[in-house]
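# Observations on the model geometry
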Amino acid sequence: QDRLNGDEPVFEGKSASEWIAVLEDPKGPLMSPGIRALGRLGRESEAVVPMLVGLLADTNAHVRIKAALALAEIGPQAKSAVPALLETLKEHPDGFIAMSLPRLRPDADTVVPTLVELLRNENRDVRIAAANVLAEFGPLAKAAAEALADMQNDKDERVRAQTVVALWRINRQAEPAVSVLAEL
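Report on the accompanying structure. Numbering of residues starts from 1 in every chain and runs along the sequence as written. Reporting of local features is limited, given that this is a predicted model, to residues whose pLDDT is at least 70; pairs of side-chain atoms are given and counted only at 80 or more, and all residues count toward the totals for whole chains, interfaces and linings. Values reported for side chains reflect all heavy atoms of the structure, with hydrogen atoms and water molecules removed beforehand.

## Remarks on the packing of aromatic side chains
The condition is simple: The criterion for an aromatic pair is that two Phe, Tyr or Trp rings (for Trp, the six-membered ring) have centres within 6.5 Å, with stacked assigned to planes under 30 degrees apart, edge-to-face to planes over 60 apart and tilted to the rest. A ring is considered to have a charge above it if a Lys NZ or an Arg CZ atom is located within 6 Å of its centre and within 35 degrees of its normal.
For the structure on display, the rule yields zero aromatic pairs. Positioned above the aromatic ring of tryptophan 19 is the side chain of lysine 14, whose terminal nitrogen or guanidinium carbon lies 4.6 Å from the ring centre. If you follow arginine 172 out to its NZ or CZ, it ends over the ring of tryptophan 168, 4.3 Å from the centre.

## Points about the packing of helix 8 (residues 124–137) against helix 10 (residues 157–171)
This is how it is decided: The axes are straight lines fitted to the C-alpha atoms, using for helices just the contacting stretch, and the angles between their N-to-C directions are given from 0 to 180°. Secondary structure counts use DSSP, requiring at least four H or I residues in a row for a helix and at least two E residues in a row for a strand, with both numbered from the N terminus. Orientation labels follow simple angle bins: below 35 degrees gives roughly parallel, above 145 gives roughly antiparallel, 65 to 115 gives roughly perpendicular, and whatever is left gives oblique. Crossing handedness: left-handed means the near helix sits turned counterclockwise from the far one by under a right angle, and right-handed means the same turn made clockwise. We call two residues in contact when some of their heavy atoms are within 4.5 Å.
It is at 8 Å that the axes of helix 8 and helix 10 come closest, and there the two elements cross at 15°. Relative to helix 10, helix 8 is oriented roughly parallel. Note that helix 8 runs across helix 10; the crossing there is left-handed. Each of Arg124, Asp125, Arg127, Ile128, Ala131, Asn132, Leu134, Ala135 and Glu136 in helix 8 lies in contact with helix 10, whose residues at this interface are Arg158, Val159, Gln162, Thr163, Ala166, Arg169 and Ile170.

## Regarding helix 7 (residues 108–118)
The following threshold applies: We call a residue buried when its accessible area falls under 20% of the maximum for its residue type, exposed when it is over 50%, and partly exposed in between, using a 1.4 Å probe and counting protein chains only.
If you check which residues of helix 7 are buried, you get Ala108, Val111, Val112, Thr114, Leu115, Val116 and Leu118. Looking at the packing, one finds that the buried side of helix 7 touches helix 5 (82–91), helix 6 (95–100), helix 8 and helix 9 (145–150).

## Let's talk about unusual backbone geometry
Leaving glycine aside, a negative phi is the common case for residues, and trans is the common case for peptide bonds. Phi is positive for glutamate 12, which is not a glycine, with a value near 50°. Considering the arrangement of structural elements, one finds glutamate 12 in the loop between strand 2 (8–11) and strand 3 (14–15). Residues other than glycine seldom take positive phi values, yet arginine 105 does so here, at roughly 55°. On the secondary structure map, arginine 105 appears in the loop between helix 6 and helix 7.

## Details of the pairing of strand 2
Short version of the rule: We treat two strands as partners when DSSP finds at least two bridges between them.
With two bridges joining them, strand 2 and strand 3 adopt antiparallel strand pairing. Residue pairing for strand 3: valine 10 is matched across the bridge by serine 15. Between strand 2 and strand 3, which follow one another and run antiparallel, lie two residues, and glutamate 12 among them has a positive phi close to 50°.

## Observations regarding the nonpolar core
Applicable threshold: Note on terminology: a nonpolar core comprises buried Ala, Val, Leu, Ile, Met, Phe, Trp, Tyr and Cys residues joined through side-chain atoms within 4.5 Å.
The biggest cluster of nonpolar side chains holds 59 residues, and the ones touching the most others in it are Leu38, Leu52, Leu71, Leu115 and Leu148. Apart from the residues lying within four places of it in its own chain, the contact partners of leucine 115 are Ala98, Leu101, Ala130, Val133, Leu134 and Phe137.

## Thoughts on helix 8
As a reminder, the rule being used: Given a helix with a known number of residues, its expected span is that number minus one, times 1.5 Å. Polar contact is defined as a pair of N or O atoms within 3.5 Å, subject to the rule that within protein one atom must be able to donate a hydrogen and the other to accept it, and that residues adjacent in sequence are counted only when both atoms are side-chain atoms.
For helix 8, built from 14 residues, the straight-helix expectation of 20 Å at 1.5 Å per residue is met to within 8% by its first-to-last C-alpha distance of 20 Å. Burial analysis of helix 8 places ten of its 14 residues in the buried class, the great majority of the element. The N-capping residue of helix 8, defined by a side-chain oxygen 2.7 Å from the backbone nitrogen of aspartate 125, is asparagine 123. Following helix 8 by one or two positions, glycine 138 has its phi on the positive side, about 55°.

## Let's talk about the environment of alanine 147
Relative to the helices and strands, alanine 147 resides in helix 9. Measuring from C-alpha to C-alpha, the distance between alanine 147 and leucine 119 comes to 7.6 Å, with 28 residues separating the pair along the chain. Not counting residues within four places of it along the chain, the set of residues in contact with alanine 147 comprises Val116 and Leu119.

Structural data, given as structure tokens:
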């Protein structure tokens, strides 16, 4: 943190509001330097998380994604943003947003139902991301095992592969994973 500008933290000469404006630019790069800056500022100031949560409702997908990535950069201190992230995922399913969840260290019981819904999304990247996030929760995501088992017959081989990895990390049973992977 360079200093405070009023009540706002400053990083590399820009206030949190100025970095938010960088993220709000829909034409700006997806991997914006604002993500890293807001991640650092958010670890130092509680005021940044609500600013980013506000961006999750933006009409532009890239702005929502950048806000989610910045929240992930903040990490567990942004755990209060989990309900807003889940709501965003329900309204605008997106793999990048789903992948930001584990960095906030939410309770598995809170996120698993939404991730199970995402397993049924028509977009394969969303299904892959949901399975990947469930895998990160390991045995804590046991409630998703049945839905993941149903995904072993997905038409997309990348989805099937990530599904069996998730099942293995949840159940630690190698046989289902080996048989599906052998078919790929």
